[in-house]
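In case you want the letters, here they are:
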Amino acid sequence: MDSREDEVVSGKDRQKQLAREHYERQQTTRVQRERAAKRTAAIGTTVGVLVVVGGIVAAATLLGGGDDEVTAATPTDTAVPSASAPAAGPKAYDPASGTCEYQPDGQAAKDVGQPPAKVAAQPATMTIKTSLGVIEASLDGAKAPCTVGSFQFLAEKKYFNDTKCHRLTTEGIKVLQCGDPTASGSGGPGYRFTDENLEGASYKRGVLAMANSGPGTNGSQFFIVYGDETDSLPDSYTPFGTITKGIELVDQVAKDGVEGGGGDGPPKTAVDIKDVTITGKS
C-alpha cells in the first residue's frame, strides 16, 4: 500500500472517530434530557418522598419517582433543576441591594416570565378565591422576601388563576398542596429560588409553606397545613405565611378525604383556585 493509500485509510479512521465522538455526545445529551424529563414527570408535589415511620419523617428520596406506597409523602415539588442547571443554588436575599436571585429551571407549566430581582421585603396580605370560598393569609415578606416577591409576581401575572389544589395528605402529615397549573404535581414556573426562614421553622396548623424537591428548588407549589401533627416535618420547607381566614374550608376538604381512598392523593372535593391577589402591608 503506497503513502496515498495510507493517508486515505487514516483519513477514514479519523472520520469514524469523529462520528463516534459525535454519537457519544448525542447519547449523553439524550440521557441528560431523559433524566430531567423523568424528574419533572413525577407526581406534581409528590416527587420527592419522605416516609413517616413511627411518627418521625425519614428521608427516602428527594428526587425521582412517585410515592412508592409510602405511608405519607412530604410536600415536594417535581420542578427540579434541569440537567444543564448550574450546580450552585440560587443566592439568598441581599439586604444591601434589596434583591433576590431567581434562576431558570426547566420548562414553565404556564410561562409568565421571571420575577424582577428587586423585592419589597415587607409584610403583605394574600387573598385566594376558591370554588369553596375565600382563604386569606398574612405573608411574612421580612423573613421570606424572595418567596413573597415570587408570589407577588405570579399573582400579578395570574399564574394561579384557574388551577387546582392537586394533593391532599391525611396520614402522617396533614396538608393541602396547590400551585401547579398542570395539577399533576410536576409543574413549576420555569425558575427556582432559595430557601428562607428555615431556622426554627414550625409547621403547625395554619402555616403556609413552600413545597420543594430539595434545597434551593422552590418554584410555585405551596401547601397549607391544617393539622398540628404536621409540625413533625423537618425544617426544609420555607414557611412564608399564616392562614388568617378560611382554614375551615381546608378542614372540610380533609374531612371528605382523598379521591379513591387512601391518605395521599387528589382531594375528593375539588379545590379550584379562581384568583390570587396580594396587597400591601398586612
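Summary of the structure given here. (Residues numbered from 1 in each chain as written. Predicted model: local features only at pLDDT ≥ 70, side-chain atom pairs only at ≥ 80, totals over all residues. Heavy atoms only, no water.)

1. Side note on the nonpolar core
If you look at the biggest cluster of nonpolar residues, it comprises 42 residues, and the most contacted ones within it are Leu 139, Leu 208 and Phe 222. Top contributing element to this core by residue count: helix α2 (residues 145–156), with six residues. Aside from chain neighbours lying at most four places away, what touches Leu 139 is Pro 123, Ala 124, Met 126, Val 148, Leu 208, Phe 240, Gly 241 and Ile 278. Core analysis: the next-biggest nonpolar cluster, separate from the first, contains eleven residues, Val 175, Ala 201, Tyr 203 and Leu 233 among them. (Core = buried A, V, L, I, M, F, W, Y, C linked by side-chain atoms within 4.5 Å. Buried < 20%, exposed > 50% of the residue type's maximum accessible area, 1.4 Å probe, protein only. Helix = DSSP H or I, 4+ residues; strand = E, 2+ residues; numbered from the N terminus. Contact = heavy atoms within 4.5 Å.)

2. Notes on α2
Between its first and last C-alpha, α2 extends 16 Å over twelve residues, near the 16 Å set by a 1.5 Å rise per residue. For α2, a buried count of ten out of twelve residues is recorded, marking the element as mostly surrounded by other parts of the structure. Residues Pro 145, Cys 146, Thr 147, Val 148, Gly 149, Ser 150, Phe 151, Phe 153, Leu 154 and Ala 155 constitute the buried set of α2. Of the residues trailing α2, Lys 158 is marked for its positive phi of about 60°. (Expected span 1.5 Å × (residues − 1).)

3. Examining empty space enclosed by the protein
The gaps left among the atoms become clear once a water-sized probe is rolled over them. Per the stated rule, a full pass over the model turns up two cavities of 30 Å³ or more. Within this model, the largest cavity holds a volume of roughly 40 Å³. As for the largest cavity, its lining consists of Ile 128, Thr 130, Ile 135, Cys 165, Leu 176, Cys 178, Phe 222, Ile 224, Val 271 and Ile 273. Secondary structure elements with two or more residues in the lining of the largest cavity: β4 (124–130), β8 (175–178) and β11 (222–225). A class-by-class count of the residues in the lining of the largest cavity yields nine nonpolar, one polar and no charged. Empty space within the second largest cavity amounts to approximately 30 Å³. (1 Å grid on protein atoms, 1.4 Å probe; cavity = no way out; pocket = protein on both sides within 12 Å on 5 of 7 lines; lining within 4 Å. Points joined across faces, edges and corners; volume = space filled by probe spheres on them. Nonpolar A, V, L, I, M, F, W, Y, C, P; charged D, E, K, R; others polar.)

4. With respect to helix α3 (residues 247–256)
Within α3, burial applies to Ile 247, Leu 249, Val 250, Val 253 and Ala 254. The buried residues of α3 all sit within an arc of 155° when viewed along its axis, so they share a single face. Each element contacted by the buried residues of α3 is listed here: β5 (133–139), β7 (167–169), β8, β11 and β12 (239–245). (Arc of directions from axis to C-beta.)

5. Points about the state of the cysteines
Following the criterion strictly, the structure yields two disulfides and no others. The disulfide partner of Cys 100 is Cys 146, and the gap between their sulfur atoms is 2.1 Å. Torsion about the S-S bond of the Cys 100 and Cys 146 cystine: about -95°, corresponding to left-handed handedness. Separated by 46 residues along the polypeptide, Cys 100 in the loop between β2 (56–61) and β3 (103–104) and Cys 146 in helix α2 bring together distant segments of the chain. The pair formed by Cys 100 and Cys 146 is uniform in burial state, with each residue classed as buried. Two residues share a disulfide in this structure: Cys 165 and Cys 178, whose sulfurs sit 2.1 Å from each other. The S-S bond linking Cys 165 to Cys 178 shows a torsion near 95°; that makes this disulfide right-handed. (Disulfide = S-S within 2.5 Å.)

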